[in-house]
Amino acid sequence: EELKKGIDEVRKLNPKPGGYTSAYTKTQYLTPDFILKEINGQLEVSLNSKNAPELRVSRSYAEMLDSYDKSKNKKKDKKLKQTVTFVKQKLDAAKWFIDAIKQRQETLLKTMRSIVNYQYEFFMTGDESRLRPMILKDIANEINMDISTVSRVANSKSVQTDFGLFPLKFFFSEGITTDTGEDVSSKEVKYKLRKIIEDEDKRKPLSDDRLEKMLKDMGYNIARRTVAKYREQMNIPVARLRKEL
């Protein structure tokens, strides 16, 4: 009992007490690319305005081109003609750039809406066990786009939900077949695995073999090596390192 008290006291201590006063410590904030809100029972997706500013061509340049274009001396004055051509090229390039940005924003929204539709149950409840198996190909097929396009969006974007901020890659996972033949997400299995370990008797922590059997009893057909892989991915140590007095 005395040793337990000592261990509890040590756990409360900061192993790097000087870290609090470090002049080089910087706080970084993640700005979501998408905002997802439930409004009157409907899920609505929007782009974060900070990441999607409205672009437009300066009116002064458009007016300049118009005045040059209507000038009677345009055909006679070579320099004026060159000026008109130059301004027109730049305006066309600006409009092309704006159209490209709008198309990219539409691609982002299209991808995010497809993910929301696919994982509707999770976004309505925030329950990780409701996540469906979903791979890049599923979304790519649904929105008729290349897998590489979906991959770039999934690997670099995040969404703010009513249950927190998530990177899009969080919603992608392989499927596992249950005893009933139903496909469930590997994230659901990880969720169940974490819950079992959290509820275990820490004086006699469960081995990977025992965890495998318990998951199979719950209907998840999973191998011991897969249990070990999932445990490591969740940064959960082996049974002997989870043991407490």
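Structure's up top.
Here goes a summary of the coordinates provided. None of these values were measured; they are calculated from a predicted model. (Residues numbered from 1 in each chain as written. Predicted model: local features only at pLDDT ≥ 70, side-chain atom pairs only at ≥ 80, totals over all residues. Heavy atoms only, no water.)

**Topic: a nonpolar patch on the surface**
Using the following cut-off: Patch building starts from residues that exceed 30% relative accessible area and form no salt bridge, then joins like charges within 9 Å and nonpolar side chains (Val, Leu, Ile, Met, Phe, Trp, Tyr) within 5 Å. Accessible areas in this description were obtained via Shrake-Rupley with a 1.4 Å probe; residue shielding takes into account the shown protein chains only. Salt bridge, as used here, is a side-chain nitrogen of Lys or Arg placed within 4 Å of a carboxyl oxygen of Asp or Glu. For the purposes of this entry, the term helix denotes a DSSP run of H or I that reaches at least four residues, the term strand denotes a run of E that reaches at least two, and both are numbered from the N terminus. Exposed residues in this analysis have more than 50% of their type's maximum accessible area, buried residues have under 20%, and partly exposed residues fall in between, with area computed by a 1.4 Å probe over protein chains only.
Among the surface-exposed residues, Leu 3, Ile 7 and Leu 245 lie close enough to one another that they form a single nonpolar patch of about 280 Å² accessible area. Counting through the fold element by element, Ile 7 comes out in helix α1 (residues 2-11). The class for Ile 7 is partly exposed, based on a relative accessible area of 32%.

**Description of the layout of surface pockets**
Quick reminder of the rule: Put simply, the grid is 1 Å and covers the protein atoms alone, a cavity is a trapped set of points that fit a 1.4 Å probe, a pocket is an open set with protein on both sides within 12 Å along at least five of seven lines, and lining residues have an atom within 4 Å of a point. Grid points are joined across faces, edges and corners, and a volume is the space filled by probe spheres set on the points.
Counted as a void, the largest pocket has a volume near 170 Å³. Around the largest pocket sit Glu 128, Phe 170, Lys 187, Lys 190, Tyr 191, Arg 194 and Met 234, which together line it.

**Here we look at the packing of helix α5 (residues 136-143) against helix α6 (residues 147-156)**
Between two packed helices, what matters for the description is the angle formed by their axes and the separation of those axes. Quick reminder of the rule: Note on geometry: axes are lines fitted to C-alpha atoms, helical ones only across the stretch in contact, with angles between N-to-C directions running from 0 to 180 degrees. When the near helix sits turned anticlockwise from the far one by under a right angle, the crossing is termed left-handed; a clockwise turn instead gives a right-handed crossing. Whether two residues touch is decided by their heavy atoms; if any such pair falls within 4.5 Å, the residues are in contact. Each residue gets one label: Ala, Val, Leu, Ile, Met, Phe, Trp, Tyr, Cys and Pro are nonpolar, Asp, Glu, Lys and Arg are charged, and the others, such as Gly, are polar.
The N-to-C vectors of α5 and α6 enclose an angle of 115°; their axes lie 9 Å apart at closest approach. For the crossing formed where α5 meets α6, the hand is right-handed. Taking contact as the criterion, the partners of Leu 136, Lys 137, Ile 139, Ala 140 and Ile 143 in α5 are, on α6, Ile 147, Val 150, Ser 151 and Ala 154. Here the residues of the contact of α5 with α6 sort into seven nonpolar, one polar and one charged.

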